[in-house]
Amino acid sequence: MACMLQVIALSFFLQIQPFDILIQHAHIVDGSGNPWYSGDIGIKGDTIVSMGRLDGAPSKLTIDAHGLTVTPGFIDIHTHARRGIFLDPAAQNYIRQGVTTLMEGQDGSSPLPLAPFLKQVADAHPAVNFGSFVGQGSIRQQVLGLENRKATPEEIGKMKEIARQAMLDGAMGLSSGLFYVPGNFTPTEEVVEIAKVVASFGGMYISHMRDEAAGVLDSVRETIGIGEEGGLPTQITHHKIIGAANWGKSVETLKLVEEARARGVDVTIDQYPYTASSTGTAALFPQWSQAGGQKALLERLAAPDERSRIKAEIIQRIKVDRGGGDPKNIVMANCSFDPALAGKNLADITAARGRPVTFENAAETAIEIQQKGGCQAIYHAISEEDIERILRSPYTMIGSDGEIPEFGHGAPHPRSYGTFSRVLARYVRERKVLTLEEAVHKMSGYTSERLRLFDRGLLRPGMKADIVILDPAKVQDKADYANPHQYAEGVRDLIINGQVVISNGQLTSARPGRILRATPAVQVK
Ligand SMILES: [Zn+2]
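Residues numbered from 1 in each chain as written. Predicted model: local features only at pLDDT ≥ 70, side-chain atom pairs only at ≥ 80, totals over all residues. Heavy atoms only, no water.

### Considerations on the overall build of the protein chain
Next, step 1: Along the backbone of the protein chain there are 17 helices and 21 strands.
Next, step 2: Over its C-alpha trace the protein chain gives a radius of gyration of 24 Å, about what one expects of a compact globule, namely 24 Å for 525 residues.
Next, step 3: With the principal axes as the frame, the protein chain shows a C-alpha extent of 90 × 50 × 45 Å.
Next, step 4: Split into buried and exposed, the 525 residues of the protein chain put 58% on the buried side.
Next, step 5: In the protein chain, the share of contacts with a sequence separation of at least 24, taken over all contacts with a separation of at least 6, comes to 76%.
Next, step 6: Accessible surface computed for the protein chain: about 19900 Å², of which carbon and sulfur atoms make up 53%. (Helix = DSSP H or I, 4+ residues; strand = E, 2+ residues; numbered from the N terminus. Rg over C-alpha atoms; globule rule 2.2 N^0.38 Å. Buried < 20%, exposed > 50% of the residue type's maximum accessible area, 1.4 Å probe, protein only. Contact = heavy atoms within 4.5 Å. Areas by Shrake-Rupley, 256 points an atom, 1.4 Å probe, with all protein chains shown as cover.)

Below is the structure:
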């Protein structure tokens, strides 16, 4: 009887409320980490309105997901998409992996002011949702330039005001890149002062730490301390252990995270699943040599004393840090002054200049490259064991640290094309480091909760309809270091804000992405 009434009630509801999209016969992995269950999903407008058994319900579009897995759209908490989103608003490298939301403004670098930039992104009509952090380095640069000194109280006041405005503009929180110039010139207490402003809005702190190699433990302590002192959630971004001599230290970094959490500090982690990192060739140079910018660096390189100090530091970084002990491990990705260098490593380039490949000569080559403006490069110096240990931590979510590359141009890190699919293919299906449910949680529900995007990241009635339909047996990253420009496979359909962006593997013309702002952008104190 009750069942009959339910059917009547359901059909009455459905007669007046046909769905726009009905996904049927799915294995639902809902983003919470719960085991999959069978069911149907009804979407109206941009929202999931019903879930459960919806057999025969009227719908403008019905998608049969039999044999496939349905998950929330993936949220990438760490991207550098601010250039590429205008070149390819479809963000095809990301949507092919099932990514439906991109976060910019990482590593301490963001556009300022934020509001006009976010409007520009909206005007480009992206397929994906887009949000941004505000960068501590960008704030400092606006007030102090690239100077290597402490800020005055007045300057700190100015920086706090810029941070406040960015939060009002919708920033998700404060990012820092304390490894990079000018973040590296910032004392911890100054970061804490800015973080307190962000805390008052309910925002989080996320950091590319000062040192991911020999000093990684102190850097984790600093990141935890900024969360503790600043009174806000804190996150170690793209957590990795660089340099063979430091491999295994993730045992201790994860212990520091556990201990901090045990005493009430809200600290979390994100990670990409590759044994190489990617950043500018400036990463081989001591930070002090970059104070004041490129012109100042060139002057220092022209002074024999300073040049030899810089060179000694570069040699050290090739030996025990990002260079992974061999100039071969440093591969150019994109060089604006000489695009032909893309894909070539520092040993090859040194040899091609007629020099024997020694650490000294490789450092000379690095100096010549930097004198011409530098390259983006890939550094092979991370161990598989550390990746898997960090990935297993319940406090780790997934972020690509990627960009929207110009398709076919240069030799970028494959993480832009493959991060999310690689986790599902290699670390779920092949190596069984995570269950599918755990992995999806780390790409959706966990991330949305961290970002306070409370209407996304889970498949539940009332949530925004960002939905991936994928085949877990076929999902596969295709991009590798030699051939990075290859889209991932295995996502059959993709829905963003209730609109179909990928249908049966084909891109549609829909561009339903929205600007996402921290909720609410209102001071809680
Ligand atoms: Zn970074």
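### Let's talk about the sheet that holds strand S15 (residues 330-334)
Next, step 1: The strand order across the open sheet built from 3 strands is S14-S16-S15, with neighbouring strands paired in antiparallel fashion. If you trace the sheet from one side to the other, it starts and ends with strand S14 (276-280) and S15, each paired once. Across the sheet, the mean angle separating the axes of adjacent strands is 30 degrees when strand polarity is ignored.
Next, step 2: Taken together, the 5 bridges between S14 and strand S16 (residues 376-380) define a ladder with antiparallel strand orientation. From the neighbouring strand, Ser277 faces S16, where its bridge partner is Tyr379. (Pairing = 2+ DSSP bridges. Axes fitted to C-alpha atoms, helices over the stretch in contact; angles between N-to-C directions.)

### Focus: the pattern of salt bridges
Next, step 1: Taken as a whole and judged by the stated rule, the model has 39 salt bridges.
Next, step 2: In this structure, Glu299 engages Lys295 in a salt bridge whose closest nitrogen and oxygen atoms are separated by 3.3 Å. Here the residue Glu299 and the residue Lys295 both occupy positions in helix H10 (residues 294-302), the gap between them amounting to 4 residues, near one helical turn.
Next, step 3: Lys295 gets classed as exposed once you look at its relative accessible area, which sits at 63%. (Salt bridge = Lys/Arg side-chain N within 4 Å of Asp/Glu carboxyl O.)

### Things to note about the coordination of the zinc ion
Next, step 1: Protein-derived coordination of the zinc ion comes from Asp107 (OD), Asp107 (OD), His208 (ND1) and His238 (NE2), at a distance range of 2.0 to 2.4 Å.
Next, step 2: Bound by 4 donor atoms, the zinc ion shows angles of 55 to 148 degrees at the metal and therefore irregular coordination geometry.
Next, step 3: Sequence spacing of the donor residues for the zinc ion, all on one chain, is D-x100-H-x29-H. Residue Asp107 is found in the loop between strand S7 (99-104) and helix H4 (114-123), and its partner His208 is found in strand S11 (residues 204-208); the two are separated by 101 residues along the sequence. The two residues Asp107 and His208 agree in class, both being buried. (Donors = N, O, S within 2.8 Å, 3.2 Å for Na, K, Ca; no water. Tetrahedral: all angles 85-135°; square planar, octahedral: opposite > 155°, others 65-115°.)

### Considerations on the environment of Val475
Next, step 1: Within the fold, Val475 resides in the loop between strand S18 (467-470) and strand S19 (491-496).
Next, step 2: Between the alpha carbons of Val475 and Leu424 there is a distance of 6.9 Å; along the sequence they are 51 residues apart.

### Focus on the nonpolar core
Next, step 1: Core analysis: the biggest nonpolar cluster contains 69 residues, and Phe74, Leu102, Phe130, Ile139, Leu174 and Leu424 have the highest contact counts within it.
Next, step 2: The element that contributes the greatest number of residues to this core is helix H7 (residues 188-199), accounting for 7 residues.
Next, step 3: Apart from residues no more than four positions distant in its own chain, Ile139 is found in contact with Leu112, Val134, Met159, Ile162, Ala163, Leu174 and Ile194. (Core = buried A, V, L, I, M, F, W, Y, C linked by side-chain atoms within 4.5 Å.)

### Digging into the packing of aromatic side chains
Next, step 1: Following the criterion strictly, the structure yields 7 aromatic pairs and no others.
Next, step 2: Judged by centre distance (5.1 Å) and plane angle (75 degrees), the rings of Phe179 and Tyr180 are edge-to-face.
Next, step 3: Members of the aromatic cluster, each reached through a chain of ring pairs, are Phe407, Tyr417 and Tyr487.
Next, step 4: The ring of Trp288 carries the charged tip of Arg309 above its face, separated from the ring centre by 4.3 Å.
Next, step 5: Seen from the ring of Tyr379, Arg322 lies directly overhead, with NZ or CZ sitting 5.8 Å from the centre. (Phe/Tyr/Trp six-rings, centres within 6.5 Å; stacked < 30°, edge-to-face > 60°. Lys NZ or Arg CZ within 6 Å of the ring centre and 35° of its normal.)

### What about the pairing of S11?
Next, step 1: Counting buried positions along S11 gives 5 out of 5 residues, so the element sits mostly inside the fold.
Next, step 2: Every second residue of S11 is oriented toward a common face, with Met204, Ile206 and His208 on one face and Tyr205 and Ser207 on the other, all of them buried.
Next, step 3: Pairing geometry for strand S10 (residues 173-177) and S11, over 5 bridges, is parallel. When the bridges of S11 are listed, Gly173 appears paired with Met204.
Next, step 4: Running through H7, the crossover from S10 to the neighbouring parallel element S11 is right-handed.
Next, step 5: Sheet analysis places S11 next to strand S12 (residues 234-236), joined by 3 bridges and oriented parallel. Across the sheet, Tyr205 pairs through a bridge with Thr234, a residue of S12. (Right-handed = clockwise from strand over helix to strand, strands pointing away.)

In short, the description is geometric, and any link to function would need to be established separately.
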